[in-house]
Amino acid sequence: MSAIASNLQAVRARIAKAALDAGRSPEQIALLAVSKTWPVDCVIAANRAGQWAFGENYVQEAIDKALATTDLDLEWHFIGPLQSNKTRPVAEHFAWVHTIDRLRIAERLSLQRPADLPPLQVCVQVNVSGEASKSGCTPEEAMGLCVAVNGLPRLKLRGLMTIPEPADDFAAQRAPLRRLRELFASIRSAGLPLDTLSMGMSHDLEAAVAEGATIVRIGTAIFGERNYA
């Protein structure tokens, strides 16, 4: 068994245990393997171990990997900050975008999504911790942005996403994720068809599952520590 296959097995076991501890079914939580900065060979190794959904932060890097793996029928999720000049290639090559933080980006994605592709699945990113260094709309803006995005053609609003401030304590990890879950419930109660909570990474996936995550975005625990140099 390769190191990536072994790591994937360990991550899936963590998800299953966290789900059972929270009184949930492991099948309710999808694993998104965050392959940013890792070569396409790592994506292929993960796919051989049963992984098919991959998250990327850098547009051209992701497109290069997608074009190199067209025979594998992978699902590509964009999970990085998105600028206006990058919306067209994202609209053309990705199945999901998790990082809608303003209406202008959503409008461009809707306009540029090819008609021969299914609607682009999207999440609104919320900055629940209020960090200046993080992207995302404020919790107060989320409802209005969701309403506007839900009305755009060629997009399908699925839910909310967040990247909270890191914390080591389990209760401290849960607190911002709980805020996103409560916001999610509030928006659903207003009649919007949300079904996705994209939250939880390698260090806090147990807290995310406890707070209702439906997608966890795991990179380091699968592929190892990144070398950005």
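It should be emphasised that the depicted structure is a prediction, and the values quoted were computed from it without experimental measurement. Along each chain, numbering runs from 1 in the same order as the chain's sequence is written. Where totals are concerned, whole chains, interfaces and linings use all residues; where local detail is concerned, this predicted model gives features only for residues with pLDDT of at least 70, and gives and counts side-chain atom pairs only at 80 or more. Computation of side-chain values covers all heavy atoms of the structure but excludes hydrogens and water.

K.L.:
I'd like a rundown of the overall build of the chain, residues and numbers included.
P.N.:
Within the chain, the secondary structure is distributed over nine helices and eight strands. When we talk radius of gyration, it's over C-alpha atoms, and the globule rule is simply 2.2 Å times the number of residues to the 0.38. Relative to its length of 229 residues, the chain is compact, with a C-alpha radius of gyration of 17 Å against a globular reference of 17 Å. Principal-axis analysis of the C-alpha atoms places the extent of the chain at approximately 45 × 40 × 35 Å. Within the chain, the fraction of its 229 residues that count as buried is 49%. The charge count includes Lys and Arg as positive and Asp and Glu as negative, but it does not include His or the ends of the chains. Each charge is placed at NZ for Lys, CZ for Arg, CG for Asp and CD for Glu. Of note, the chain has its 24 positive side-chain charges centred 3 Å away from the centre of its 25 negative side-chain charges. Each helix is a run of H or I in the DSSP string that is no shorter than four residues. Each strand is a run of E no shorter than two, and both are numbered from the N terminus. Relative accessible area decides the class of each residue, using a 1.4 Å probe on protein chains only: under 20% of the type maximum gives buried, over 50% gives exposed, and in between gives partly exposed.

K.L.:
Before we move on, could you go through the nonpolar core and cite the residues and values that matter?
P.N.:
By size, the foremost hydrophobic cluster in this structure holds 62 residues, and its most contacted members are Leu 109 and Leu 160. The dominant element in this core, judged by the number of residues it contributes, is helix 1 (residues 3–21), at six residues. Among residues more than four places away in sequence, those in contact with Leu 109 are Leu 82, Thr 87, Val 90, Ala 91, Val 97, Ile 100, Leu 120 and Leu 155. Judged by nonpolar contacts, the second largest core, of eight residues, contains Ala 53, Ile 79, Trp 96 and Ile 215. Within this scheme, the nonpolar core is defined by two criteria: the residues are buried Ala, Val, Leu, Ile, Met, Phe, Trp, Tyr or Cys, and they are joined through side-chain atoms within 4.5 Å. Contacts are residue-level and defined by heavy atoms, with any inter-residue pair within 4.5 Å sufficient.

K.L.:
Outline helix 1, supporting the account with residue identities and numerical values.
P.N.:
Between its first and last C-alpha, helix 1 extends 27 Å over 19 residues, near the 27 Å set by a 1.5 Å rise per residue. By the burial criterion, the buried members of helix 1 are Ile 4, Ala 5, Leu 8, Val 11, Ile 15, Ala 18 and Ala 19. Down the axis of helix 1, the buried side of the element spans an arc of 150°, and every buried residue falls inside it. Among the exposed residues of helix 1, those oriented more than 90 degrees off its buried face are Ala 3, Lys 17, Leu 20 and Asp 21. A helix is expected to reach a length of 1.5 Å times the quantity of its residues less one. The arc in question is the one spanned by the directions pointing from the helix axis to the C-beta atoms.

K.L.:
Can you lay out helix 3 (residues 59–68) for me, pointing to particular residues and giving the numbers?
P.N.:
Within an α-helix, residues lying three or four positions from one another point in the same direction, as the helix has 3.6 residues per turn. Every buried residue of helix 3 is listed here: Val 59, Ala 62, Ile 63, Lys 65 and Ala 66. For helix 3, the arc enclosing every buried residue in end-on projection is 160°, short of the 170-degree limit, so these residues lie on one face. Tucked inside the fold, the buried residues of helix 3 contact helix 2 (40–48), strand 2 (53–56), strand 3 (75–78) and helix 4 (87–93).

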